[in-house]
Every structure is written in structure tokens, then in C-alpha cells.
Amino acid sequence: MTDRRAPADAHDATPPAQPVGGEPRPDLAAIVADLMPSVLADLVSLARIPSVSLPAFDPGHVRASADRTAELLAAAGARVEVVTAGGHPAVIGRVEGPPGAPTVLLYAHHDVQPPGDDADWDTPVWEPTRVGDRLYGRGTADDKAGILAHVAALRAHGGRPPVNVVVFVEGEEEAGSASLPALLAEHRDALACDALVIADSANWAIGTPALTTTLRGNVRAVVTVRALSHGVHSGMFGGVVPDAVTAMCRLLATLHDDAGSVAVAGLESSDETTVDHDEAQLRADAGALPGVDLIGRGSTTSRLWTQPALTVIGIDAPSVDEAANLLSPACRAKLSMRIAPGQDPDEAMRLLAAHLSAHAPWGVHVEVEPEDSGAGFVTATDGPYVEAARAAFAQAWGTDPVDVGIGGSIPFISEFAEAFPGAAILVTGVEDPDTRAHGANESLHVPEFEKVCLAEALLLQRLGETRPRG
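Residues numbered from 1 in each chain as written. Predicted model: local features only at pLDDT ≥ 70, side-chain atom pairs only at ≥ 80, totals over all residues. Heavy atoms only, no water.

Would you mind going over the packing of helix H1 (residues 28-47) against helix H13 (residues 446-463) with me for this structure?
Two measures define how a pair of helices packs: the angle their axes make with one another and the distance between the axes. Between H1 and H13, the shortest axis-to-axis distance is 9 Å and the interhelical angle comes to 125°. When the axis of H1 is compared with that of H13, the two are oblique. Helix-helix and strand crossings are classified by hand; for H1 and H13 the assignment is right-handed. Of the residues in H13, those in contact with Leu 28, Ala 29, Val 32, Ala 33, Met 36, Val 39, Leu 40 and Leu 43 of H1 are Val 446, Phe 449, Glu 450, Cys 453, Leu 454, Ala 457, Leu 458 and Gln 461. Residues that form the contact of H1 with H13 fall into these classes: 14 nonpolar, one polar and one charged. (Axes fitted to C-alpha atoms, helices over the stretch in contact; angles between N-to-C directions. Helix = DSSP H or I, 4+ residues; strand = E, 2+ residues; numbered from the N terminus. Parallel < 35°, antiparallel > 145°, perpendicular 65-115°, else oblique. Left-handed = near helix turned anticlockwise from the far one by under 90°. Contact = heavy atoms within 4.5 Å. Nonpolar A, V, L, I, M, F, W, Y, C, P; charged D, E, K, R; others polar.)

Would you explain the nonpolar core in this entry?
Among soluble globular proteins, nonpolar side chains are generally buried collectively. Leu 73, Val 91, Leu 148, Val 165, Phe 449 and Leu 459 are the most contacted members of the largest nonpolar core, which totals 66 residues. With 11 residues, H13 is the largest single contributor of residues to this core. Discounting chain neighbours no more than four positions away, the residues touching Phe 449 are Met 36, Val 39, Leu 40, Leu 43, Ala 145, Leu 148, Ala 149, Val 430 and Leu 444. (Core = buried A, V, L, I, M, F, W, Y, C linked by side-chain atoms within 4.5 Å. Buried < 20%, exposed > 50% of the residue type's maximum accessible area, 1.4 Å probe, protein only.)

For this particular structure, what's the right way to read the pattern of salt bridges?
Pairing is possible between side chains of opposite charge, provided their charged atoms come close. Tallied over the full model, the rule gives 20 salt bridges. Between Arg 390 and Glu 387 there is a salt bridge; the shortest N-O distance is 3.6 Å. Here Arg 390 pairs with Glu 387, and both are found in helix H11 (residues 384-397), just three residues apart, close to one helical turn. By relative accessible area, Glu 387 is classed as partly exposed at 42%. Two residues, Glu 448 and Lys 451, come together in a salt bridge whose shortest N-O distance is 4.0 Å. Here Glu 448 and its partner Lys 451 are both found in helix H13, three residues apart, which amounts to about one turn of the helix. Looking at Lys 451, the relative accessible area reads 26%, which means it is partly exposed. Several salt bridges share partner residues, and in doing so they unite Asp 42, Arg 68, Glu 71 and Arg 155 into one network. (Salt bridge = Lys/Arg side-chain N within 4 Å of Asp/Glu carboxyl O.)

What is the right way to look at the side chain of Gln 113 in this model?
With respect to the helices and strands, Gln 113 occurs in the loop between strand S3 (103-109) and strand S4 (129-131). When its relative accessible area of 17% is taken as the criterion, Gln 113 is described as buried. A distance of 3.0 Å separates the side chain of Gln 113 from the side chain of Glu 174, its partner in a polar contact. Aside from chain neighbours lying at most four places away, what touches Gln 113 is Val 52, Trp 126, Arg 138, Glu 174 and His 438. (Polar contact = N/O pair within 3.5 Å; in protein donor to acceptor, adjacent residues only side chain to side chain.)

Can you walk me through the sheet that holds S4 in this structure?
Two pairing modes exist for strands in a sheet, parallel and antiparallel, and in both the strands are linked by backbone hydrogen bonds. Taken together, the three strands give an open sheet; going across it, the order is S4-S5-S18, and neighbouring strands pair in antiparallel fashion. What marks the edges here is a single partner per strand, and that holds for S4 and strand S18 (443-445). Each neighbouring strand pair of the sheet contributes to a mean axis angle of 25°, computed without reference to strand direction. Across three bridges, the pairing between S4 and strand S5 (residues 134-136) is antiparallel. (Pairing = 2+ DSSP bridges.)

In this structure, what is going on with unusual backbone geometry? I would like to understand it.
For residues that are not glycine, phi is negative in most cases, and the peptide bond is trans in most cases. The linkage connecting Asp 142 with the following residue, Asp 143, adopts the cis geometry, with an omega of 0°. The residue Asp 143 is located in the loop between S5 and helix H3 (144-156) in this model. Its identity as a non-glycine residue notwithstanding, Trp 362 has a phi of 60°, on the positive side. Mapped onto the elements of the fold, Trp 362 is located in the loop between helix H10 (345-358) and strand S14 (365-374).

Where do I start with a negative patch on the surface in this structure?
A cluster of acidic residues, Asp 271, Glu 272, Asp 276, Asp 278 and Glu 279, forms a negative patch at the surface. Tracing the backbone shows Asp 271 in the loop between helix H7 (244-253) and helix H8 (279-286). Asp 271 gets classed as partly exposed once you look at its relative accessible area, which sits at 45%. (Patch = residues over 30% accessible without salt bridge, like charges linked within 9 Å, V, L, I, M, F, W, Y side chains within 5 Å. Areas by Shrake-Rupley, 256 points an atom, 1.4 Å probe, with all protein chains shown as cover. Lys, Arg positive; Asp, Glu negative; His and termini not counted. Charge placed at Lys NZ, Arg CZ, Asp CG, Glu CD.)

Explain the sheet that holds S14 here, please?
Read across the sheet, four strands follow the order S11-S13-S9-S14 without closing on themselves; strand pairing throughout is antiparallel. Edge positions in the sheet fall to strand S11 (309-316) and S14, since each of these pairs with one other strand and no more. This sheet shows a mean twist of 20° between the axes of neighbouring strands, independent of strand direction. The sheet contact formed by strand S9 (residues 217-226) and strand S13 (residues 330-339) spans 10 bridges and is antiparallel. Bridge assignment links Arg 220 to a residue of S13, and that residue is Ser 336. Of the strands in this sheet, S9, S11, S13 and S14 touch H7, which is tilted by about 15° from S13. Docked against the sheet, H10 engages S9, S11, S13 and S14, running at close to 165° with respect to S14.

Purely geometric stuff here, so don't read any function into it on its own.
See the structure below:
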């Protein structure tokens, strides 16, 4: 790797390096507390970069974000390399630990979601703004806070952690991680690890940490309905000839039953969860309007974690302001279907396409174009690395972590599991139920973030006491 290690005075807030050998630092809580102002300042500098990785946005910003990430890791004591494999740049950093210590891979991603409409934001999208306990702005949580949690853990150990640390910061997670398999293949030896910490999930609640043990998979597709070869006058032909928009509405309505459960036959589903949400809190966290019912059947956690969900996330149709009195010849919709953790995504795509074709109203033509898909995942809930994580979280928060599922998908986890089958996978996160990742007013709860940073520093310390897997 190219050595981009910063000079010793590159970051004044980094505590003095501990002696070689990785002896535990005695008061990590105090050290992390002292580090937080500089960690937050660096998070602000990173979140100011509009590193949206989707094709319609300037890739130069993603490169700038990778370079800034590399600078932060180098200043924390890592040897750093910015790498690509046909897509956006990723960053790999390495810090050597004591001989014989396990190797821990810390994952995060530096790309972010599109900002959406500025009018929906209460603060500037690209100027992180502190309001009370929360820091608002795109990427302040998902997932640039994950990057700074890794940086903070390295700083807390003075750049000399008690384990070998590899930091891998991806640059296109929000766009589907298309080049990740190539990166894993090309840098397999550099990324090999005994434990993998993925800081891209959420905690159960403010004050209660979580380890994510299940993740739903995802299937996305574009469905096109065609009714006519060209548009015709709605008065001259309406009532006899169907239009594509109305046909699309009827088709999409078949995807759910009256209770709101997904009606695609053959999809896997489970109602087995050990905890459940308070419905009132869930409604408040989601911003559900008064009188709007929650949909589906079973416990709320099963509906969010282990049952399928299907959402229409976009429609191409004439806009209200520009609509003509016309029967539309064609209409497109993009569907996002979350699938149960054990469901095969290819089979789920086949079942979705079969449902759409079978339920085409009035004989309209239906085309289904698969866009992308990813498998869900189920992690181990025991073993020395998992127990070390539980202990670190309990120490940082003062309460035991909750094992949770996540309704969102992190498809790349299965790729890491395939690349490193012997590694323990620990899915952690910086988010809370009110983070609003991907939406307007995304934010990070700053006091919770300090606990996240402390927990990771404690985890590295505890993993230093754990022998590598044989």
C-alpha cells in the first residue's frame, strides 16, 4: 500500500501513542470524551462533501470524499491506499497490532444518498448543523458517522490498537456496491480478518444499543404497462379503451391484500421475533399521520424484520400540472421489495414478475425489468467475538444490547461472508429510530454517537484479549 501516514502533529487532538505491544488504555471513556469535539469537527468536514454515488451526480465529489477519508485515517495512524475496481473509489487503511493479535476489519461507506428537495430540509443539506443533541445534514449519520467511529476508536488507542486493524471504506454502497466483488477479489489478502465490524446499522433506541443479527434482502424492478401504441383523446375513447395509468394503478393494487400484507404468492415470511415495538413510538418515529393505520399482520418487528414488504418508490406518468386530456399509452413504476432474511433473491424476483404478469388488467401488456437484488443475512449470535461486542456495548451504554433485525438491506454482507467465511460478523450502527437516513432532515444523535465511539474503542480492547480463530 502507499504510505499516506500523516506526520505526528497532523491532528493535535490525537492522544499520545501508547507503547508498542498494545497495552490497554486505562480510561477509554475519558479519552473518548476528550476526543469528541475534534471527531465531530472532522465529521462536519466530511459531511460537507456531497458524495452522492448515483450516476446522475458528479463523481468528483465522491473522489474528494475518498481523499478526505484517507486523510482522516492517515492522521489516526493508518497506512492508507485509495483503490478502485471500475467504480467509485474505496479506501483501505491498516494499523498493525501486537504479534499474534487477531485482525479486525472495520467497514463503513463514504458515499451518501441524494439530497432530495431542499424545501423538505429544515437545515442546509450540505452544511451540518447542530440543533440540540442532533447534528443534521446528509451523511451525518449514514454512514460518515460510521467512518468517524472507526477513526475515533483508533485515536482512543493512540494509533496503536491492541489488535491488527484494517479499515475498509466503500464508495458506492448507496448505488448498489457494483464493484465490491472485484475489490474483495483484488484486495482479499489485505482485507482478510478474524472479525468484521460493519458500522452501517441502527440501535434499538436512544440509550439502548443493539447488535443486528438479521437483515432482509432486497429486490428492485421496473414494471412497464402498455395499453396503446399512442395517446388518444380521453373524451373520444374513454370508457371503452383502457389507459396505462389506470391499468397500472389496478395492477399495483394487487400487490397487497386488504390488511396491507404483501400478496405475492410463494414469498417466505416469519412472525418469530423476541422483542416488539411500542406502536405509539413506532408511529411517532415514522411520522405517521393521525388516523393512518399501520399495515400488515403479526408483530411489528416481524413486519419490519422477517416478513416481506413491497413499496412503489417511483412512477413515470404525466404530471398533474402538465396533464392533457389523454389516455396514456404507457406507464412505468419502480418497485422495491424487501424479502425475508432466508429468501433467495432470484426466486423472489421470479415470483414478483410472475405475479405482475398474471394480474395484468384488461389484457394490457406488462414488462418487468429486474434492476438489482441482494440477499438478506443471518449472523451468529454467540462466540467469543460476539460476546466481546456485547460486553463492550454494555460497558459503553450501561445496559445490555438488544439483538435486533433490520428491515433495510445490506446486501454486501453476504459478499464479505463468502469472501471471509471464517470471520465473525458484527453488525453495529450509529443510527437511532429518529435518524431519518435516506430522507430529509437526516441526523445523528451526538450523545449516542459518543457511546458508539466508546463502544468500538472498548471492543478493540476486548478483542485484543481474544485469540484469533484457528
